[in-house]
Amino acid sequence: MEMTKMKEIKMVDLQGQYLRIKNEIDAAIQEVLMSTAFIQGPQVKFFAEDLAKYNHSAYVVPCANGTDALQIAMMALDLKKGDEVILPVHTYVATAEVIALLGLTPVFIDVEEKTFNIDPNQIKSKITSKTKALVPVHLYGQCADMEPILKIAHENNLYVIEDLAQALGADYAFSNGAIKRAGNMGIIGCTSFFPSKNLGCYGDGGAIFTNDPSLAEKMKMISTHGQKVKYQHDIVGINSRLDTLQAAILLVKLKYLDEYTRRRNEVADHYDKHLAGISFIELPFRASNSTHVFHQYTIKTKGIDRDRFKKYLQDKGVPSMIYYHIPLHLQKAYRQNGFGEGSFPVTEKLSKTVLSLPMHTEMTEDELSYICQIIKGYNA
Ligand SMILES: *Cc1c(COP(=O)(O)O)cnc(C)c1O
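Residues numbered from 1 in each chain as written. Predicted model: local features only at pLDDT ≥ 70, side-chain atom pairs only at ≥ 80, totals over all residues. Heavy atoms only, no water.

Novice: Can you lay out unusual backbone geometry for me, pointing to particular residues and giving the numbers?
Specialist: What is expected of a backbone is that most residues other than glycine have negative phi and most peptide bonds are trans. At the junction of Tyr323 and Tyr324, the peptide bond is cis and its omega measures out at 5° in the coordinates. Topologically, Tyr324 is positioned in the loop between helix H10 (306-315) and helix H11 (345-353). Positive phi values are uncommon outside glycine, yet Tyr231 reaches one of about 65°. As for its placement among the helices and strands, Tyr231 is situated in the loop between strand S10 (227-229) and strand S11 (232-233). Positive phi, normally seen in glycine, also occurs at Phe294, with a value near 45°. By the secondary structure assignment, Phe294 is in the loop between strand S12 (281-282) and strand S13 (297-301). (Helix = DSSP H or I, 4+ residues; strand = E, 2+ residues; numbered from the N terminus.)

Novice: Can you lay out the nonpolar core for me, pointing to particular residues and giving the numbers?
Specialist: Among the nonpolar cores identified, the biggest contains 42 residues, and Phe47, Leu51, Ile123, Leu134 and Phe193 are the most heavily contacted of them. Those elements giving two or more residues to this core turn out to be helix H3 (42-54), strand S3 (105-109), helix H6 (146-155), strand S9 (206-210) and helix H8 (244-254). Counting residues in hydrophobic clusters, the runner-up holds 38 residues, among them Val111, Ile281, Ile299 and Ile374. (Core = buried A, V, L, I, M, F, W, Y, C linked by side-chain atoms within 4.5 Å. Buried < 20%, exposed > 50% of the residue type's maximum accessible area, 1.4 Å probe, protein only.)

Novice: Lay out the site of the ligand with the relevant residues and their values.
Specialist: Neighbouring residues of the ligand: 15 residues in total, closest Gly66, Thr67, Asp163, Ser192 and Lys197. Interatomic distance of 2.7 Å between a backbone N/O atom of Gly66 and an oxygen atom of the ligand. Take Thr67: an N or O atom from its side chain is 2.5 Å from an oxygen atom of the ligand. Burial of the ligand by the protein chains amounts to 93% of its free accessible area of 380 Å². (Near = heavy atom within 4 Å. Polar contact = N/O pair within 3.5 Å; in protein donor to acceptor, adjacent residues only side chain to side chain. Areas by Shrake-Rupley, 256 points an atom, 1.4 Å probe, with all protein chains shown as cover.)

Novice: Hey, could you go over the sheet that holds strand S2 (residues 84-88) for me, with residue numbers and the actual values?
Specialist: Read across the open sheet, the seven strands follow the order S1-S9-S8-S5-S4-S2-S3; overall the sheet is mixed. Edge strands, defined here as strands with exactly one partner in the open sheet, are strand S1 (59-63) and S3. Within the sheet, the average angular offset between the axes of one strand and its neighbour, ignoring direction, is 25°. With respect to the sheet, H3 is in contact with S1 and S9, its orientation differing from that of S1 by roughly 135°. Against the sheet, helix H7 (residues 213-223) makes contact with S1, strand S8 (188-192) and S9, and its axis sits at roughly 10° relative to S1, the strand it touches most. (Pairing = 2+ DSSP bridges. Axes fitted to C-alpha atoms, helices over the stretch in contact; angles between N-to-C directions. Contact = heavy atoms within 4.5 Å.)

Written as structure tokens, this is what we have:
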């Protein structure tokens, strides 16, 4: 296939996705523009209600972005300076950032090589009398192994805050047959509507899930300057609202989320089928106890130079991304704990071997065939 005949392959195609629902989106935006209710317009409440239903959660508190969602959650739980919060070291910086910002101590844990998620077996040894919370991240779209995590949390009286920014809509199956949706297993769940997330808006956006009515109330207050009644500030809060325009866009897009997830799974199935058996890559592991919403389709290279392979793909018109290049414990801002090279071997290995392939709702069979053919053609 000639590259010139094909349009540029993208990691994500937000324009293509928009064009399919352009009429609905444009109308929703127009409605907000004409109403001028840019802050806390009715669409914010409607979206929160629809999202709560979608996620089987009792309450949704919309906010300005996923990072704020995590911060509001930690503020609502009254975590105090010096309290320790456990999180995986293989994650986006936001998870650690809010912990540090609130004067809490991030306690990193290595991940499982297979699932990329926090290794439950390594949690117990890191728990101290100061440990107050645990933040599992459902990375790339598959749930962390929540059953053992919740058990440890229960035994040690720890809050569980789920970071489901990459896994909205993923379901986890417990050994007793119960199935719970990401964001519903801990006391609080935090997600993001960053444009490239599975449910993305056209700017920044985020939301918090909980089944606890008093926490929902408190988090709503924190997100709006600590007020329940306007100009009456009962607690110290922040300014973190979801814009009405973004809520209006999300109201439309939420209706398509299951279809988007289905499409992402079709893309993943195609990759699985056509990339099977290639000696120099390992395909994503599918956990038997979690569905996958494929925020990313992340392979691991084996025995080859990942960066050279990435460059080869790039030269052939196949984009790819590395999540994440530098492990958090080796980032300047988070090195203070005395960790160095070798502290978290699995995460360090992953930082040198992971590669995320193009994954979005608008991918065509032609693009997929081309990508797979190019990968197969690599001279390892
Ligand atoms: C995107 C993301 C966040 C932060 O969301 P923002 O809306 O960008 O603030 C937090 N955690 C993870 C794992 C993410 O992928």
